[in-house]
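Per-entry structural report
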4 protein chains.
Amino acid sequence: MRGNFGEHFRLSIFGESHGPGIGIVIDGIPAGTPIDEAEIAQYMARRAPGKDPTATARQEGDQVEILSGVLEGRACGTPVCGLIRNTGMHSGDYRQLVGRMRPGHADYAGWVKYGGYNDPRGGGHFSGRLTAPLVFAGSIARAILREMGITIASHIERIGPVHDPSFAVHPDSALLTRLAASSFPLIDPSVEPAMRRHVEEAKAALDSVGGCVECVALGVPAGIGSPFFGSVESVFSTLAFSVPAVKAVEFGDGTAIADLMGSQANDAMTFDHGHVTCLTNHNGGVTGGITNGMPVLVRVTIKPTPSIARPQQTVDVSTGQDTRLEIHGRHDPCIVPRAAVVIESILAITLLELSMDDAATKPNHP
Amino acid sequence: MRGNFGEHFRLSIFGESHGPGIGIVIDGIPAGTPIDEAEIAQYMARRAPGKDPTATARQEGDQVEILSGVLEGRACGTPVCGLIRNTGMHSGDYRQLVGRMRPGHADYAGWVKYGGYNDPRGGGHFSGRLTAPLVFAGSIARAILREMGITIASHIERIGPVHDPSFAVHPDSALLTRLAASSFPLIDPSVEPAMRRHVEEAKAALDSVGGCVECVALGVPAGIGSPFFGSVESVFSTLAFSVPAVKAVEFGDGTAIADLMGSQANDAMTFDHGHVTCLTNHNGGVTGGITNGMPVLVRVTIKPTPSIARPQQTVDVSTGQDTRLEIHGRHDPCIVPRAAVVIESILAITLLELSMDDAATKPNHP
Amino acid sequence: MRGNFGEHFRLSIFGESHGPGIGIVIDGIPAGTPIDEAEIAQYMARRAPGKDPTATARQEGDQVEILSGVLEGRACGTPVCGLIRNTGMHSGDYRQLVGRMRPGHADYAGWVKYGGYNDPRGGGHFSGRLTAPLVFAGSIARAILREMGITIASHIERIGPVHDPSFAVHPDSALLTRLAASSFPLIDPSVEPAMRRHVEEAKAALDSVGGCVECVALGVPAGIGSPFFGSVESVFSTLAFSVPAVKAVEFGDGTAIADLMGSQANDAMTFDHGHVTCLTNHNGGVTGGITNGMPVLVRVTIKPTPSIARPQQTVDVSTGQDTRLEIHGRHDPCIVPRAAVVIESILAITLLELSMDDAATKPNHP
Amino acid sequence: MRGNFGEHFRLSIFGESHGPGIGIVIDGIPAGTPIDEAEIAQYMARRAPGKDPTATARQEGDQVEILSGVLEGRACGTPVCGLIRNTGMHSGDYRQLVGRMRPGHADYAGWVKYGGYNDPRGGGHFSGRLTAPLVFAGSIARAILREMGITIASHIERIGPVHDPSFAVHPDSALLTRLAASSFPLIDPSVEPAMRRHVEEAKAALDSVGGCVECVALGVPAGIGSPFFGSVESVFSTLAFSVPAVKAVEFGDGTAIADLMGSQANDAMTFDHGHVTCLTNHNGGVTGGITNGMPVLVRVTIKPTPSIARPQQTVDVSTGQDTRLEIHGRHDPCIVPRAAVVIESILAITLLELSMDDAATKPNHP
């Protein structure tokens, strides 16, 4: 667990927000897989700050240097290390904070766990910046999945009280293409002004807001995942709950499934041109931890950005006294739009890991 | 992943509902740990069917035979295998189902994954019965945690539309003692009649209902868990999404945290008699994937029991035709009450696994 | 590591020599794999005691009860638990030993590790009896490998000073068939009398002898294994050094390769009917941790049975005094013949695990 | 396995000999551990080429840039990534080789495994250069072990036919200090001329030689390691067989233990000033996979360097024809002296990993 993910598509993440750099080692990329750095850069750009009015003004390059495992544009089959150097850090913004624990942040939990030795600058290893390596890994996973006929997209299901309608039972692939190209993906673009207004109002109030990202994968074959400890939901949620600020993970109807009777929640099945399909998707494409051939539908709730300029009550562990704190510097009043590509990336990693696991135990291999 | 959980308190689960037996191998129990079979039996009884009007009429002993790793009432430090023989099986109840995929069940997903070779009787390896070994493992984990000052309890937060109030920011230990002794645990016992009525109405309608279990752990020290892939939420949700019928996992306010502003969601911190604590617990005792010293609060949503007697539309993969299906036999119209001890068990396993992980990397060991 | 092996063909072993039983959970057997209990029994019989004059007089049934994961003679794809009940135990033989640490045994190491809580009867979890579950797992692995064209056999390369000649560069498959049917496998049967005489002399002297098992796998395709941490040698030796009494693991020429010049140790390569092969096999079919298409050749050195009736000097940790010890009861003066099938089994497990790992990361899966 | 090692002190290695760089991610370093870059550089220098007449003339800096996990000279508790940039590469030396498989190298095995996509330059990921990251990780592990009272050293036990005497049952710590400071460590310095002469003769003959490194750890407490799959020997050999050119791993007397009777191989035990010790160490400090308090003694056999200038017969997979090959460029005629620090490093990693594993399951943690 700690620091490592996966048994087939393996990830080892490293770095601190204000250290020399952040990155990831990916082992298990099939030899010969094309590594398209231009395509990867597009995904990285969707997560990078400064691309949207809702985001911080910081300009991070998030240029990934591939240190190993790729030769002449193709994976060697050996571990790939992607490194992102840190640039434009203003540690000064954070120096004032040492000892003063930011509410809603990992400051106190980390201070206890690491005995005060962890890097506090910019959240250190806890920084949302550490999701950039996940997007890098996800970009490679998505390219492999695309060859398998699997496509992934997401939208901003809500920001505060403003909702975008959910995906249809069988989302249109054209919709997915449109969403994938947007830095503020919505199924109903008409809700964008209300969402942006809500973020602007929070920003003006020196406050922040959260929301929910809904993500779907189309073309996932039935039979991927395992009933215990390797369920689709188990693997996805392991990754999702490693993304800072995530407080809930739902599949299909999620918490709302408790509003239904069994006769409603059970997705009726039928043959459609010889293929088994369901008339509804309350289960989000997963039953018994295994994909059932329907679209895989997940929702991830992201809390309001904990860094706010409003005065907050907290403790100063250096003095042992209560204190008040105002967090200045550049912070997103809402990270939900930037989180969309992160959630898509971890769903891609999940489905690749599990399809590799499935391939390992098929009869008559190799 | 697949079939195995943990790196310190390791679990390997096995068995099918109607095979010779089900069980689990647990490796990592500290040598000398008292193994109290009477206490374990009490936890097993809370999960076993037939104990409550909401449950199936089946009478399962769920007697655990300890095959290894225990000598004269204490753990040897070697792997413990707990075996539960299957008894009172009525495979006849299920024979009619072969080929006909039960909606909401893993039948179709499993049929594809295992190429039709999996055991279909009673759900086979997908049966909710497989949660019994988790309760066995959890019972041992809870005894170890108790020595560390950690106590765990849960309540039925909702069944269908009927809610029980949530835990207070700092739940009373007397409340936890009361809940732990109940087969229908509620913070406000006055809601019990309405909940039972809802279940009875579903049963009368040959239907089923779901709900939510809310679980809390008190006395958890700050500093347990890791930011990536080994977060408290990641490890708990890996286990929770291995429990059949779970569709959502929430920490703290969960999905509702998106209704708050950052200034509300950030739990203000203060010194209380020299200890750092929070005035609220919107984050459920976990920030940055690590415990922060507040009670660890989780919610798990359980869908309505998929086995219902109502006619349902589905497919028959043996004929390639659509068909209709009525599931007879003995099934719980609501499994939420029996699930409570399962959720408590996996939270215990989570916290023990992570506290062991923490112990492994403390300086100056061993 | 501890207690668990593998990422694809996963093993969880449990049990003590004189507890209720010993066994193993195997996860990752491809669904539909035929499970031939009669064939498994033949392998189990080769390891079981009392089958050969060199072995102990104990009569162990070593009957494996399959508790899960098999239906109508085929693997379900879910975890298989194999249980071997312990019978005919004479704990009395060992009771005298408590506190008195048997030299050459794990008694003292285990007493310290487990704080005195481990089961001392018959060596407990350290008993050579725990190799029976490995043979069970290996039997299933061999059946799968056979479908892949891989066959495995071994011979007693030495007992004390008496040697059997090594395998030819390309062993004859008829030889492998003959060896696989023998309880005392030798390439040159004429050495059998000298080997048995050496064992008998040791037995008469209340002493014991060790030796070496050489094992070969034919038909292994090139390309299995990984350079770091998952090399063929790494995986095999992880298992080999889990077999009690093993003190050395060699591949190809092993320690003797230091007697060669590079020009001799480098196996010259050539095309043979369009296939790449080597003229020699000093590297034992593995280069860079990966199979190269030549027979995989391993040697495992097994120390003399530590249980001997001769008086030995040791310590009594219950008194804190030095003492003398005579170990009575029934013990093999030489376990090398019984170990042969164990080594074959772990080589089979190694090759299956690694071929599954290879299948997981092939392009265009699943 | 593949690419990853460890559950507590976790390693993820990456890089190719002639790519941008090589490195390793280490997770599990206790927070606050001093990271002494000067001390690390000393260990790195012992492995680096060009330091000894037996070694290649290449001048590699092997400067490690620490990209994460260290702040102001102490470990943060988060993953540490160490990067070594590749410099002074002469790919031209290798270009001629594409298609022509070097005997004794991983060329053919890797070409098959990776479908021809792996980086062939300088052996790519199979290069002995990849042991540099292991020395970096081992250097950190040794500093932690030193605080636990554990010291490690090794000597060149043999080069070809020339042997250095083995360690005494209880090696003198002054000897270890002397060995640790030498680039050509010998217990009996008088054998150095004969060893060097043997290497020089091989070099003059355009050939190469191998040998054996014997390594010992003093101060290792009893009780570290596990009987199955996590034995001291299993973990060490997993790492040892990941070091290029290793063909045999022995503990204690290793293969020679088959020359002894049980009464000789069983190390007699006695109380020495109240501590349990053995009069001999035929078992190399490990019984039942667990340390027994005696020095941990291992031997690793390293084959002759496969890169030799002599003409060799091999295959050209690009033409499908047999061919002859002369390998020019700068290669060590003997890598044994440089391998010593690598073996010390992996023994350190082994003992730290297992002592952390032991700490995880001690009662009453954390």
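Model, not experiment: these values are computed from the prediction. (Residues numbered from 1 in each chain as written. Chains lettered and ligands numbered in written order. Predicted model: local features only at pLDDT ≥ 70, side-chain atom pairs only at ≥ 80, totals over all residues. Heavy atoms only, no water.)

**Comments concerning the overall build of chain A**
The following threshold applies: Secondary structure follows DSSP: runs of H or I at least 4 residues long count as helices, runs of E at least 2 residues long count as strands, and numbering of each begins at the N terminus. What the globule rule says is 2.2 Å times the number of residues to the power 0.38, and the radius of gyration is computed from C-alpha atoms. Three labels apply to residues, based on accessible area from a 1.4 Å probe with only protein chains included: buried if under 20% of the type maximum, exposed if over 50%, partly exposed otherwise in between. It only takes one pair of heavy atoms within 4.5 Å for two residues to be counted as in contact. Each accessible area value is a Shrake-Rupley result obtained with a 1.4 Å probe; residue values ignore everything except the protein chains displayed when judging cover. Lys and Arg are tallied as positive, Asp and Glu as negative. Neither His nor the chain termini are counted. Every charge is mapped onto a representative atom, which is NZ of Lys, CZ of Arg, CG of Asp or CD of Glu.
When its secondary structure is counted, chain A shows nine helices and 18 strands. For 366 residues, the compact-globule estimate of 2.2 N^0.38 gives 21 Å, and chain A sits close to it at 21 Å. Dimensions of chain A along its principal axes, counting C-alpha atoms only, are 70 × 50 × 35 Å. The buried share among the 366 residues of chain A stands at 70%. Of all intrachain contacts in chain A linking residues separated by at least 6 positions in sequence, the fraction that spans at least 24 positions is 72%. By element, 54% of the accessible surface of chain A is carried by carbon and sulfur atoms, the whole surface being about 10700 Å². Across chain A, the centroid of the 29 positively charged side chains sits 7 Å from that of the 38 negatively charged ones.

**Topic: helix α6 (residues 192-204) of chain D**
Residue and element names in this part refer to chain D. So the rule is basically this: Helix span is expected to be 1.5 Å times the residue number reduced by one. Directions are taken from the helix axis to each C-beta atom, and the arc is the one they span.
End to end, α6 covers 18 Å across 13 residues, agreeing with the expected 18 Å (1.5 Å per residue, within 8%). Within α6, burial applies to Met195, Arg196, His198, Val199 and Ala202. All buried residues of α6 fall inside an arc of 155 degrees around its axis, so they share one side. Turning to α6, the residues buried within the fold contact β8 (151-159) and β9 (162-163). Leucine 206 sits one or two positions beyond α6 and adopts a positive phi of about 55 degrees.

**Overview of the pattern of salt bridges**
All names here are of chain A. Counted only if it meets this: For this analysis, a salt bridge means a side-chain nitrogen from Lys or Arg found within 4 Å of a carboxyl oxygen belonging to Asp or Glu.
Tallied over the full model, the rule gives 70 salt bridges over all chains. Where arginine 129 meets aspartate 62, a salt bridge forms, and the shortest distance between an N and an O atom there is 2.8 Å. Of this pair, arginine 129 sits in the loop between α3 (107-113) and α4 (131-147) while aspartate 62 sits in the loop between α1 (37-47) and β4 (65-66); the two residues are 67 residues apart in sequence, bridging distant segments of the chain. Here the two residues arginine 129 and aspartate 62 agree in accessibility, since each one is buried. Taken together, the shared-partner salt bridges in this structure form one network comprising Arg46, Arg142 and Glu344.

**Remarks on helix α5 (residues 173-180) of chain C**
Working note: α-helix, 3.6 residues per turn, so residues spaced by three or four point in the same direction. Residue and element names in this part refer to chain C. Our working rule: Nitrogen and oxygen atoms within 3.5 Å of one another constitute a polar contact, given that in protein one can donate a hydrogen and the other can accept it, and given that sequence-neighbouring residues count only through two side-chain atoms.
Restricting attention to buried positions, one finds in α5 the residues Leu175, Leu176 and Leu179. Buried residues of α5 fall within an arc of 100 degrees about the axis and therefore sit on the same side. For α5, the elements touching its buried residues are α1 (37-47), β8 (151-159) and β10 (211-218). For α5, the N-terminal capping position is held by aspartate 172, with its side-chain oxygen 3.1 Å away from the main-chain nitrogen of alanine 174.

**Concerning the interface of chain D and chain C**
Note the cut-off: Here's the idea: put two parts together, see how much 1.4 Å probe accessible area each one loses, and the total over both is what we call buried area. Any two strands between which DSSP finds at least two bridges are classified as paired.
The interface of chain D with chain C comprises 102 residues on the first partner and 102 residues on the second. When chain D packs against chain C, the two sides together hide about 8300 Å² of surface, and 62% of this comes from carbon and sulfur. Here Asp358(C) and Lys113(D) are joined by a salt bridge, their closest N and O atoms 3.4 Å apart. Note that strand β11 (residues 246-251) of chain C and strand β11 (residues 246-251) of chain D share three bridges and pair antiparallel. Residue pairing for β11(D): Ala248(C) is matched across the bridge by Glu250(D).

**Looking at the sheet that holds strand β3 (residues 21-27) of chain B**
Residues and elements named next belong to chain B. Read from one edge to the other, the open sheet built from five strands follows the order β1-β2-β3-β7-β4, with strand pairing classed as antiparallel. Looking at strand neighbours, the two that pair on one side only are β1 (4-5) and β4 (65-66), the edges of this open sheet. Note: β3 against strand β7 (residues 80-85), six bridges, orientation antiparallel. The residue of β7 that forms the bridge with isoleucine 24 is glycine 82.

**Looking at the relation of the copies chain D and chain C**
Convention followed: Least-squares superposition of the copies uses the C-alpha atoms of those residues scoring a pLDDT of at least 70 in each of them.
After a rotation of 180 degrees and a shift along the axis of 0.0 Å, chain D superposes on chain C with an RMSD of 0.0 Å. The operation mapping one copy onto its partner corresponds to a two-fold rotation axis. In terms of C-alpha distance to the rotation axis, chain D has Val249(D) as its closest residue, with the C-alpha 2.8 Å off the axis.

**Considering the interface of chain A and chain C**
By convention, interface size is frequently given as the accessible area that disappears when the constituent parts associate. Basically, it comes down to this: Ten residues, namely Ala, Val, Leu, Ile, Met, Phe, Trp, Tyr, Cys and Pro, are considered nonpolar, four, namely Asp, Glu, Lys and Arg, are considered charged, and the remaining ones, Gly among them, are considered polar.
With 18 residues of chain A at the contact, the number on the chain C side is 18 residues. Counting the contacts that link chain A with chain C gives two salt bridges. Residue Arg10(A) pairs with Glu7(C) through a salt bridge whose shortest N-O separation is 2.6 Å. Put simply, chain A and chain C have two residue pairs in polar contact (both at pLDDT 80 or more) between them. With six residues, helix α9 (residues 336-360) of chain A is the largest single contributor of residues to the side of chain A that touches chain C. Within the side of chain A that touches chain C, the residues separate by chemical class into nine nonpolar, five polar and four charged.

**Considerations on the sheet that holds strand β4 (residues 64-66) of chain C**
Strands sit in the order β1-β2-β3-β7-β4 (chain C) across an open sheet of five strands; the sheet is antiparallel. What marks the edges here is a single partner per strand, and that holds for β1 (4-5) and β4 of chain C.

**Comments concerning the relation of the copies chain A and chain C**
Both copies of the chain are placed relative to one another by a rotation about an axis and a shift along it. Of the two same-sequence chains, chain A is brought onto chain C (RMSD 0.0 Å, axial shift 0.0 Å) by a rotation of 180 degrees. A high fraction, 100%, of the interface residues of chain A reappear at the interface in chain C, so the copies pair face to face through one surface.

**Here we look at the packing of aromatic side chains**
Two measures describe an aromatic ring pair: the distance that separates the ring centres and the angle between the ring planes. Residue and element names in this part refer to chain C. This is how it is decided: Classification of ring pairs uses Phe, Tyr and Trp, with its six-membered ring standing for Trp, and accepts pairs whose centres are within 6.5 Å; under 30 degrees between planes counts as stacked, over 60 as edge-to-face, and the remaining range as tilted.
A complete count under the given rule lists 24 aromatic pairs over all chains for this structure. With a centroid separation of 6.3 Å and 55 degrees between ring planes, the pair formed by tyrosine 114 and phenylalanine 126 is classed as tilted. In this pair, tyrosine 114 sits in the loop between α3 (107-113) and α4 (131-147) while phenylalanine 126 sits in the loop between α3 and α4, placing the two residues 12 residues apart along the sequence. The two residues tyrosine 114 and phenylalanine 126 agree in class, both being buried.

**Some thoughts on unusual backbone geometry**
All names here are of chain C. In this model, glutamate 72 sits at a positive phi of 50 degrees, which is unusual for a non-glycine residue. Its location among the elements puts glutamate 72 in the loop between β5 (70-71) and β6 (74-75). Despite not being glycine, histidine 273 shows a phi value in the positive range, around 50 degrees. Relative to the helices and strands, histidine 273 is located in the loop between β12 (269-272) and β13 (275-278).

**Notes on the environment of Gly128(C)**
Residues and elements named next belong to chain C. For glycine 128, the position within the fold is in the loop between α3 and α4. Each C-alpha atom, one on glycine 128 and one on glycine 288, is 32 Å from the other, the two residues being 160 residues apart in sequence. For glycine 128, the contacting residues outside a window of four places in its chain are Arg47 and Pro244.

**Regarding the state of the cysteines**
Short version of the rule: Disulfide assignment relies on a single distance test, namely cysteine sulfur atoms paired within 2.5 Å.
All chains considered together, the criterion is met by zero disulfides over all chains. Here Cys76(A) is not disulfide-linked; the sulfur of Cys81(A) is the nearest cysteine sulfur, at 14 Å. By relative accessible area, Cys76(A) is classed as buried at 1%. Here Cys278(D) is not cross-linked by a disulfide; its sulfur's nearest cysteine counterpart is in Cys215(D), at 20 Å.

**Regarding the environment of Ile290(A)**
Mapped onto the fold, Ile290(A) is located in strand β15 (residues 290-291). Accessibility expressed as a relative area gives 0% for Ile290(A), which makes it buried. For the pair Ile290(A) and Phe228(A), spaced 62 residues apart in sequence, the C-alpha separation works out to 10.0 Å. Beyond its immediate chain neighbours, meaning those up to four positions away, Ile290(A) contacts Gly223(A), Ile224(A), Gly225(A), Ser226(A), Pro227(A), Val232(A), Gly285(A), Ala109(B), Gly110(B), Lys113(B), Tyr114(B) and Phe126(B).

**Digging into the confidence of the model for chain A**
Let me state the cut-off plainly: For every residue, the predictor reports its confidence as pLDDT, a number between 0 and 100.
Model confidence for chain A is summarised by a mean pLDDT of 93, while 93% of its residues fall at 70 or above. Reported for the predicted complex are a pTM of 0.96 and an ipTM of 0.96.

**Some words on the side chain of Ser234(B)**
Note that Ser234(B) resides in helix α7 (residues 232-240). Within the local environment of Ser234(B), its side chain forms a polar contact with the side chain of Ser242(A), the two groups lying 3.4 Å apart. Ignoring any residue separated from it by four or fewer positions in sequence, one finds Ser234(B) in contact with Ser237(A), Thr238(A), Phe241(A), Ser242(A) and Phe229(B).

**A look at the packing of α4(C) against helix α9 (residues 336-360) of chain C**
The geometry of a pair of packed helices is captured by two quantities: the angle between their axes and the separation between those axes. Residue and element names in this part refer to chain C. Selection criterion: To obtain an axis, a line is fitted to C-alpha atoms, over the contacting stretch when the element is a helix, and the angle between two such axes runs from 0 to 180 degrees between their N-to-C directions. When describing relative orientation, an angle under 35 degrees is termed roughly parallel and one over 145 degrees roughly antiparallel, while 65 to 115 degrees is termed roughly perpendicular and anything else oblique. Here is the rule for handedness: rotate from the far helix to the near one, and if that takes an anticlockwise turn smaller than a right angle the crossing is left-handed, while a clockwise turn gives right-handed.
Interaxial distance between α4 and α9 falls to 7 Å at its minimum, and their mutual angle equals 50 degrees. If you check the angle between α4 and α9, you find them oblique. Where α4 crosses over α9, the handedness of that crossing is left-handed. Across the interface between the two elements, Thr131, Leu134, Val135, Ala137, Gly138, Ala141, Arg142, Ile144 and Leu145 of α4 pack against Val341, Val342, Glu344, Ser345, Ile346, Ala348, Ile349, Leu351 and Leu352 of α9. Classifying every residue of the contact of α4 with α9 by side-chain character gives 13 nonpolar, three polar and two charged.

**Comments concerning the pairing of strand β7 (residues 80-85) of chain D**
Residue and element names in this part refer to chain D. When you tally the buried positions in β7, you get five out of six residues, the bulk of the element. In terms of strand pairing, strand β4 (residues 64-66) meets β7 through three bridges, oriented antiparallel. Bridge pairing in β7 links valine 64 to isoleucine 84.

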